Amino acid sequence: MALVFIPAQLRGLTGGESQIELPAASVREVVEALEARFPGMRERLCQGDELAPGLQLSIDHVMSSRGLRTKLEPKSEVHFLPAFGGG
């Protein structure tokens, strides 16, 4: 099962849960499972069929640019991180 870390700004939807184990083989499946368990999560994580522009994705401590298409290993750690900008 993938271990999904929920950012602080989304924990209101999870009842305060910060980590959730879910059976998923891709980030898309993670989002679908989160939406089934916590309605409203998809609209916060996605824009259309892509990851929301204000989020970055880290899988097993490596930043991923593949978004929802990212494949997961059985024990992957998934982090949805707020994107940082500046200069």
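For the structure, see preceding data.
Throughout what follows, the structure given in this document is the object of discussion. Model, not experiment: these values are computed from the prediction. (Residues numbered from 1 in each chain as written. Predicted model: local features only at pLDDT ≥ 70, side-chain atom pairs only at ≥ 80, totals over all residues. Heavy atoms only, no water.)

**Thoughts on the pattern of salt bridges**
Note that side chains of opposite charge can pair when their charged atoms are close.
So, step 1. By the definition in use, this model includes 2 salt bridges.
So, step 2. Glu17 is paired through a salt bridge with Arg37; the nearest N and O atoms lie 3.6 Å apart. Here Glu17 is found in the loop between β1 (2–5) and β2 (19–22), whereas its partner Arg37 is found in helix α1 (residues 27–37), with 20 residues between them in sequence.
So, step 3. Arg37 sits in the partly exposed class, given a relative accessible area of 44%. (Salt bridge = Lys/Arg side-chain N within 4 Å of Asp/Glu carboxyl O. Helix = DSSP H or I, 4+ residues; strand = E, 2+ residues; numbered from the N terminus. Buried < 20%, exposed > 50% of the residue type's maximum accessible area, 1.4 Å probe, protein only.)

**Details of the sheet that holds strand β6 (residues 62–64)**
So, step 1. Reading across the sheet, the 5 strands line up as β2-β1-β7-β5-β6 and stay open at both edges, with mixed pairing between neighbours. Looking at strand neighbours, the two that pair on one side only are β2 and β6, the edges of this open sheet. Strand-to-strand twist of the sheet, defined as the mean angle between neighbouring strand axes without regard to direction, takes the value 30°.
So, step 2. Set on the sheet, α1 makes contact with β1, β2, β5 (55–59) and β7 (77–82); between it and β2 the angle comes to about 110°. (Pairing = 2+ DSSP bridges. Axes fitted to C-alpha atoms, helices over the stretch in contact; angles between N-to-C directions. Contact = heavy atoms within 4.5 Å.)

**Here's the deal with the pairing of β5**
So, step 1. Of all 5 residues that make up β5, 4 are buried, and the element is covered over most of its length.
So, step 2. Where β5 and β7 come together, 5 bridges link them in antiparallel fashion. Within the sheet, the bridge partner assigned to Leu55 lies in β7 and is Pro82.
So, step 3. Bridge analysis of β5 against β6 gives 3 bridges, and the strand direction is antiparallel. When the sheet's bridge partners are listed, Ile59 is paired in β6 with Val62.
So, step 4. Here β5 folds back onto β6, and the loop between the two strands holds 2 residues, one of which, Asp60, carries a positive phi near 50°.

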